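Structure at a glance
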Amino acid sequence: MAEEYRIPQHVAIIMDGNGRWAKKRMMPRTYGHSQGSKTVEKICEDAHRMGIKYLTVYAFSTENWSRPESEVTTLMNLLREYMKDCIKTSSKNNMRVRVIGDISRLDADLQESITKLEEASKNNTGLNFQVALNYGGRDELLRAAKKLAGDYKAGVLSDEALQQLTEAQFEEYLDTKGIPAPDLLIRTSGEVRLSNYMLWQLAYAEFYFTDVLWPDFDKKELQKAIDYYNKRDRRFGGV
Ligand code: FPP
C-alpha cells in the first residue's frame, strides 16, 4: 500500500541569500531584504493552503547587530512595517503571529507593535506564524536557564521539582512555549549550517538545503522541500 503523503506540522526557515540576490541585480543589499519580506508574506499564505500549521522564520539574529548600521536600520524598518500591516492581514488570514527572541533590545515602538499584534491575533486559528527577532538559540537557552533559576530562588520550583525537571517542563521556559518542535528545517542560498537557530527545538527535525536565494523561494520550492521530507524515514532515535 502506498504510504500517506505527510505535511509537516511545523516548518522552520532560515531565509538566506537576500544580499546575494540583490547583488546579482546590481542593487543594494537592502533591496534584497525588501523583496525577501514580500516572499515571507507569500510563503505564509502558501504554507497555510498546504496545511502547514506552524511556520517560524529567522528574521534577525542576535549576531545580525554587527551588520552595517544602515542595513540594521533597513531590517528594523521592514519589521516595523510588517508588524503594523500584519494587524490587518492577520485578521483577514486568521493567522496568529508571535515573536521569539529577546525583544527587550528593540526600539520601544517596535516592541509595542509586536505586543499589539500578538494580542490582536492570539485567538486566530489559522497558521501559527513565528518571527525570530533578535533571536539566538544559545541566548534563548541562557534566558531559559536564568528564568528557571529565578523560579527556584523564589520558591516557585522546589528542590524536588528541580531534581525531577523533565524536558517538557524545561520547554515551558523557552520562547517557543506551547509551540511544537519543527519537523522540517529549510535553509536557502546553499549555506549548510544552523547559525544558532532553534538549537533545542531542531533536535529531531529533517534538514533541507537549497541553492535558491530567499527572494526567489516560492510555493514550488516549498513543495520540493515537503517532497524531500516525505522521502525521509523519521525514527526519533528508534529503529
Ligand atoms: C539573510 O540574507 C537574511 C536576513 C539576515 C534577514 C531576513 C529578513 C527578511 C527576509 C525581511 C524581513 C522579515 C519579515 C518577517 C518581514 P543575507 O543578508 O545574509 O544574504 P547574503 O547571505 O546573500 O548576504
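Thresholds, definitions, all that
Counting restarts for each chain: residues are numbered from 1 in the order of the written sequence. Per-residue local features of the predicted model are confined to residues with pLDDT of at least 70, and side-chain atom pairs are confined, for both listing and counting, to 80 or more; whole-chain, interface and lining totals are unaffected and use all residues. Only hydrogens and water are set aside when side-chain values are computed; all heavy atoms of the structure are taken into account. A run of H or I in DSSP becomes a helix once it reaches four residues, and a run of E becomes a strand once it reaches two; helices and strands are each numbered from the N terminus. The reference for a compact globule is 2.2 Å times residues^0.38; the radius of gyration itself is calculated from the C-alpha atoms. Burial classes follow relative accessibility: with a 1.4 Å probe on protein chains only, a residue under 20% of its type's maximum area counts as buried, one over 50% as exposed, and anything between as partly exposed. It suffices for a single heavy atom of a residue to lie within 4 Å of a molecule or strand for the residue to be listed as near it. Any pair of N or O atoms that falls within 3.5 Å is considered a polar contact. Within protein, one atom must be able to donate a hydrogen and the other to accept it, and sequence-neighbouring residues count only if both atoms are side-chain atoms. Where accessible areas are quoted, they stem from the Shrake-Rupley method and a 1.4 Å probe; at the residue level, only the protein chains shown are allowed to cover. To estimate the expected span of a helix, count its residues, drop one, and scale the result by 1.5 Å. Comment: arc refers to directions from the helix axis out to C-beta atoms. Two residues form a contact once any of their heavy atoms are found within 4.5 Å. Any two strands are treated as partners once DSSP identifies two or more bridges connecting them. Lines fitted to the C-alpha atoms define the axes, with helices restricted to the stretch that makes contact. Angles between their N-to-C directions range from 0 to 180 degrees. Disulfide: a pair of cysteine sulfur atoms within 2.5 Å of each other. Under this scheme an angle from 65 to 115 degrees is roughly perpendicular, one under 35 degrees roughly parallel, and one over 145 degrees roughly antiparallel; angles in between are oblique. We call a crossing left-handed when the near helix sits turned anticlockwise from the far one by less than a right angle, and right-handed when that turn is clockwise. Amino acid classes used here: Ala, Val, Leu, Ile, Met, Phe, Trp, Tyr, Cys and Pro are nonpolar; Asp, Glu, Lys and Arg are charged; the rest, including Gly, are polar. Paired rings are identified among Phe, Tyr and Trp, the last through its six-membered ring, by centres lying within 6.5 Å, and are further divided according to the angle between planes into stacked (under 30 degrees), edge-to-face (over 60) and tilted (the rest). Geometrically, a charge over a ring is one whose NZ (Lys) or CZ (Arg) sits within 6 Å of the ring centre while staying within 35 degrees of the ring normal.

In terms of regular secondary structure, the chain is built from eight helices and six strands. Going residue by residue from the N terminus, the α and β elements of the chain occur as β-α-α-β-α-β-α-β-α-α-α-β-β-α. By the compact-globule yardstick of 18 Å for 239 residues, the chain fits well, its C-alpha radius of gyration being 18 Å. In the chain, which comprises 239 residues, the proportion classed as buried is 46%.

This next bit is on the site of the ligand. Neighbouring the ligand are 17 residues, the closest being Met15, Gly19, Arg20, Arg29 and Arg67. Taking Arg20, its main chain carries an N or O atom lying 2.7 Å from an oxygen atom of the ligand. Side-chain polar atom of Arg29 to an oxygen atom of the ligand: 2.8 Å apart, as the coordinates give it. Contact with the protein chains covers 92% of the free accessible surface of the ligand, which is 620 Å². Elements with a minimum of two residues in the shell around the ligand: helix 1 (18-24), helix 2 (29-50) and helix 3 (69-93).

Right, let's get into helix 4 (residues 108-121). With 14 residues, helix 4 ought to run about 20 Å at 1.5 Å a step, and its terminal C-alpha atoms sit 20 Å apart, in line with that. Listed as buried for helix 4 are Leu110, Ser113, Ile114, Leu117 and Ser121. Burial along helix 4 is one-sided: seen end-on, the buried residues are contained in an arc of 100 degrees. Looking at helix 4, the residues exposed on the side facing more than 90 degrees away from the buried face are Ala108, Glu112 and Lys116. Buried residues belonging to helix 4 abut helix 3, strand 3 (96-100) and strand 4 (128-135).

A separate point is the side chain of Thr176. Here Thr176 lies in the loop between helix 7 (167-171) and strand 5 (184-187). Not counting residues up to four positions away in its chain, the partners in contact with Thr176 are Ile100, Glu140, Met198 and Gln201.

The next thing to look at is the sheet that holds strand 3. Pairing within the open sheet is parallel, and its six strands lie in the order 3-4-2-1-5-6. With partners counted over all chains shown, the strands left at the sheet margins are strand 3 and strand 6 (206-209), one partner each. Strand-to-strand twist of the sheet, defined as the mean angle between neighbouring strand axes without regard to direction, takes the value 20 degrees. Bridging between strand 2 (residues 54-61) and strand 4 involves seven bridges; their strand directions are parallel. Note that in strand 4 the partner of Ser61 across the bridge is Tyr135. Most of the contacts of helix 2 go to strand 2, to which it runs at about 165 degrees, and overall it touches strand 1 (10-14), strand 2 and strand 4. Against the sheet, helix 4 contacts strand 3 and strand 4, and its axis sits at roughly 140 degrees relative to strand 3.

Looking now at the pairing of strand 2. Within strand 2, eight of the eight residues are buried, which leaves it mostly tucked inside the rest of the structure. Examined bridge by bridge, strand 1 and strand 2 share four bridges and lie parallel to one another. Within strand 2, the position partnered with Val11 by the bridge is Leu55.

A separate point is the state of the cysteines. This model, assessed by the stated rule, comprises zero disulfides. Cys86 supplies the cysteine sulfur nearest to Cys44, a cysteine that is in no disulfide, at a spacing of 7.4 Å. Residue class for Cys44 comes out buried when judged on its relative accessible area of 6%.

In contact at an axis separation of 9 Å, helix 3 and helix 4 are set at 25 degrees when each is read in the N-to-C sense. By the angle between their directions, the pair helix 3 and helix 4 is classed as roughly parallel. Remark: the crossing between helix 3 and helix 4 carries left-handed chirality. Across the interface between the two elements, Met76, Leu79, Arg80, Met83, Lys84, Cys86, Ile87 and Ser90 from helix 3 touch Asp109, Leu110, Ser113, Ile114, Lys116, Leu117, Ala120 and Ser121 from helix 4. Across the contact of helix 3 with helix 4, the residue classes tally to nine nonpolar, three polar and four charged.

Okay, the packing of aromatic side chains next. Tallying each qualifying case throughout the model produces 10 aromatic pairs. When the centroid spacing of 4.3 Å and the interplanar angle of 15 degrees are considered together, the rings of Tyr58 and Tyr197 count as stacked. Of the two residues, Tyr58 sits in strand 2 while Tyr197 sits in the loop between strand 5 and strand 6, which places them 139 residues apart along the sequence. This pair shows no difference in class: Tyr58 is buried, exactly as Tyr197 is. Of the aromatic side chains, those joined through ring pairs into one cluster are Tyr58, Tyr135 and Tyr197. Its guanidinium or amino end placed over the ring of Tyr229, Arg6 lies 4.9 Å from that ring's centre, counting from NZ or CZ. Its end group placed over the ring of Trp21, Arg25 keeps NZ or CZ at 4.0 Å from the ring centre.

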